[in-house]
Amino acid sequence: MCNNIEREAAVRTETIGWIIGILIAAALVWWIYRKIKRKMRQLASTPEVQVLRYVAKHLSEGDLTQPDASKPRSLAGMDRLCLPQIAKDFPEFNWSEWKAQIETELRKKLEKEYQRIKDRKHDAYSYKYHLIDLLRLSKFTFAENQAQKWENYKYTFNRRTFLLQNGLYIAIILIFVALCIITPIKKGTPLLTYNNILNILQQASPRMFLALGVAGLILLTGTDLSVGRMVGMGMTTATIIMHQGVNTGGVFGHIFDFTKVPTPARVVLALVACIVLCTFFTSIAGFFTAKFKMHPFISTMANMLVIFGLVTYATKGVSFGAIEPTIPNMVIPKVNGFPTIILWAVAAIIIVWFIWNKTTFGKNMFAVGSNPEAANVSGVNVMRTTILVHTLAGCMYGITGFIESARIGSNQANTGLNYECDAIAACVIGGVSFVGGTGKISGVVLGVFILRIIFVALQFLAVSQNMQYVIKGLIILIACAIDMRKYLVRK
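Let me sum up the structure you'll find in this document. (Residues numbered from 1 in each chain as written. Predicted model: local features only at pLDDT ≥ 70, side-chain atom pairs only at ≥ 80, totals over all residues. Heavy atoms only, no water.)

### Points about the overall build of the chain
No. 1: Along the chain, the regular secondary structure elements total 18 helices and 2 strands.
No. 2: Scored against the burial criterion, the 491 residues of the chain give a buried share of 39%.
No. 3: Once local pairs closer than 6 in sequence are excluded, the contacts in the chain between residues at least 24 apart make up 75%.
No. 4: If you sum the accessible surface of the chain, you get close to 28,100 Å²; carbon and sulfur atoms cover 65% of it. (Helix = DSSP H or I, 4+ residues; strand = E, 2+ residues; numbered from the N terminus. Buried < 20%, exposed > 50% of the residue type's maximum accessible area, 1.4 Å probe, protein only. Contact = heavy atoms within 4.5 Å. Areas by Shrake-Rupley, 256 points an atom, 1.4 Å probe, with all protein chains shown as cover.)

### Some details on the pattern of salt bridges
No. 1: Inspection of the entire model under this criterion finds 7 salt bridges.
No. 2: The salt bridge partner of Lys154 is Glu151, with a shortest N-O separation of 3.9 Å. With Lys154 and Glu151 both in helix α5 (residues 142–156), this residue pair falls 3 residues apart, about one helical turn.
No. 3: Taking relative accessible area as the criterion, Glu151 reaches 9% and is therefore assigned buried.
No. 4: With a closest N to O distance of 3.5 Å, Glu324 and Arg266 form a salt bridge. (Salt bridge = Lys/Arg side-chain N within 4 Å of Asp/Glu carboxyl O.)

### Some thoughts on a nonpolar patch on the surface
No. 1: Residues Trp150, Tyr153, Phe157, Phe162, Leu163, Ile170 and Leu174 make up a contiguous nonpolar surface patch of about 680 Å² in total accessible area.
No. 2: Mapped onto the nonpolar patch, the elements with two or more residues apiece are α5 and α6 (159–187).
No. 3: Top element by residues in the nonpolar patch is α6. It accounts for 4 residues.
No. 4: Structurally, Leu163 is set in helix α6.
No. 5: Taking the relative accessible area as the measure of exposure, Leu163 reaches 47% and is therefore partly exposed. (Patch = residues over 30% accessible without salt bridge, like charges linked within 9 Å, V, L, I, M, F, W, Y side chains within 5 Å.)

### A look at the packing of aromatic side chains
No. 1: Going through the model one piece at a time under the given rule, you end up with 12 aromatic pairs.
No. 2: Of the aromatic side chains, those joined through ring pairs into one cluster are Trp150, Tyr153, Phe157 and Phe162.
No. 3: The residue whose ring lies beneath Arg207 is Tyr419, and the NZ or CZ to ring-centre distance is 5.1 Å.
No. 4: The residue whose ring lies beneath Arg229 is Phe308, and the NZ or CZ to ring-centre distance is 4.0 Å. (Phe/Tyr/Trp six-rings, centres within 6.5 Å; stacked < 30°, edge-to-face > 60°. Lys NZ or Arg CZ within 6 Å of the ring centre and 35° of its normal.)

### Some thoughts on the nonpolar core
No. 1: Core analysis: the biggest nonpolar cluster contains 89 residues, and Leu212, Val214, Met242, Trp356, Tyr397 and Phe402 have the highest contact counts within it.
No. 2: When residues in this core are grouped by element, the largest group, 12 residues, is from helix α7 (residues 194–219).
No. 3: In this structure Phe402 touches Ala238, Met242, Val267, Ala270, Leu271, Cys274, Val331 and Trp344, once residues within four positions along its chain are discounted. (Core = buried A, V, L, I, M, F, W, Y, C linked by side-chain atoms within 4.5 Å.)

### Looking at a positive patch on the surface
No. 1: A cluster of basic residues, Arg34, Lys35, Lys37, Arg38, Lys39 and Arg41, forms a positive patch on the protein surface.
No. 2: By the element assignment, Lys37 lies in helix α1 (residues 2–44).
No. 3: Lys37 sits in the partly exposed class, given a relative accessible area of 35%. (Lys, Arg positive; Asp, Glu negative; His and termini not counted. Charge placed at Lys NZ, Arg CZ, Asp CG, Glu CD.)

### Considerations on helix α17 (residues 441–460)
No. 1: The end-to-end C-alpha separation of α17 is 29 Å, in line with the 28 Å expected for 20 residues at 1.5 Å each.
No. 2: The buried fraction of α17 is high, at 15 of 20 residues.
No. 3: Phi turns positive, to about 60°, at Ala462, one or two residues after α17. (Expected span 1.5 Å × (residues − 1).)

### So, the packing of α7 against helix α12 (residues 341–358)
No. 1: One way to put it is that α7 packs onto α12 with a least axis distance of 8 Å and a crossing angle of 20°. Relative to α12, α7 is oriented roughly parallel. Crossing handedness for the pair α7 and α12: left-handed. Contacts from Leu198, Leu201, Gln202, Ser205, Pro206, Met208, Phe209, Leu212, Ala215, Gly216 and Leu219 in α7 reach Ile341, Ile342, Trp344, Ala345, Ala348, Ile349, Val352 and Trp356 in α12.
No. 2: Class assignment for the residues of the contact of α7 with α12 results in 16 nonpolar, 3 polar and no charged. (Axes fitted to C-alpha atoms, helices over the stretch in contact; angles between N-to-C directions. Parallel < 35°, antiparallel > 145°, perpendicular 65-115°, else oblique. Left-handed = near helix turned anticlockwise from the far one by under 90°. Nonpolar A, V, L, I, M, F, W, Y, C, P; charged D, E, K, R; others polar.)

### Notes on the side chain of Asp224
No. 1: Note that Asp224 resides in the loop between α7 and α8 (227–241).
No. 2: As a buried residue without a salt bridge, Asp224 has its nearest oppositely charged side chain in Arg229, at a separation of 11 Å.
No. 3: Here Ser226 takes part through its side chain, which lies 2.6 Å from a polar atom of the side chain of Asp224.
No. 4: Within the structure, Asp224 has its side chain in polar contact with the side chain of Tyr397 (distance 2.9 Å).
No. 5: When residues no more than four places from it in sequence are discounted, the contact partners of Asp224 are Leu217, Thr300, Tyr397, Glu420 and Ile424. (Polar contact = N/O pair within 3.5 Å; in protein donor to acceptor, adjacent residues only side chain to side chain.)

### So, unusual backbone geometry
When glycine is set aside, most residues are seen to have a negative phi, and most peptide bonds are trans.
No. 1: For Thr221, which is not glycine, the phi torsion reads 65° and is therefore positive.
No. 2: In this fold, Thr221 is placed in the loop between α7 and α8.
No. 3: Judged by its relative accessible area of 37%, Thr221 is partly exposed.
No. 4: One non-glycine residue, Asn336, lies in positive phi territory at about 55°.
No. 5: Following the sequence through the fold, Asn336 ends up in the loop between β1 (334–335) and β2 (338–339).

### Overview of the side chain of Thr237
No. 1: Looking at where Thr237 falls in the secondary structure, it is placed in helix α8.
No. 2: With a relative accessible area of 16%, Thr237 lands in the buried category.
No. 3: With sequence-adjacent residues up to four places away left out, Thr237 is seen in contact with Ala273, Cys274 and Leu277.

Set out below in structure tokens:
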């Protein structure tokens, strides 16, 4: 009996304890709830929260823009936000601190809506041509094909990307247009006359070979600082072989006499000698670059110093006389005033384009430029490809030296100075990327012509040669900066 009473007392005590605990917990929860509610009420009473609620409520009503809320909102009208209702209902609110945030939110909303409309329009357009495709079995007219391309271009067009990709071209074209306007005012004669255009093309043609050679090296994330010295060596060699009469200067103390060799044979011998010599030295630079992973800057700079030293030491720095007067008319004659040196450049463009785009070697070149490790794993002989690219560049340099010798008619050891600047500038203007694996022959051709037109115009305006070097350096710097910016955006 006693045990039962004690057990009942213990149960009552435990029950009372639970009830008290629950009451305390409920009181604590109620106190926390009241505390949070009071805090939220305080936050809700701040001007910032009230304004945001007000804007959220009226965003879809079209009454937050000026001057006419009945007109549809557009991204172009974003700068006219003034929110007169907020200024009226919340005079104590500092609108200048929150205007940027509200504009950003509204801009995002409008951009999202604009993209949704754009997507639906494009889908409808695509569905229309899908039905035409089913009816005609993919037999579209030329106009319909062009309309589809134009629609796809408009749909994928991005102004920021467009300016990033073509900003340099736009700037250079604007400079060119400005020069075309200024030249007649300053000199009284237009820049782009028939004779001036032929002169520009004639000057650009030898540099086309150099740019095509350097473009392959840049495609492999390299460059070539020995271009000018290669051209000087080729011109010296060609001038010695095609010299009129006995040479006035010697090579390592020996005077060469090719007067007994027929003129056509001398022309062929000069061309072969130029190509062989330039190819030999570029192949050495390519070997050191590929075999020892040497940076092309170092290998080509060493080449430059060695070539200049050898040519200067061998010829003692003397200037050679004129070549046979009949040779220029054999190599680069003018047909009715048209310089056929342009045809040499056209032939080089076609050949190099074919090598880049239609041969296994060209595909391997792009693969090595993009990722040499991946290309090696895929079975591409990276060392062989690198040396062959340098060899192709050497052929271009040798042909340039031969043509320049025939065009100028005389030569000395330091001829060709700074030719590498023109070649590199033309390549980077033309879109050949220093990060490797990106470039087109059409871009290189465009870069050569644009650069040559600009500097011919500067010569017309009698701009100092020193200032032309400054402009050339700025063009290279800006072009490379834009190229690296494009690479970082893609990455």
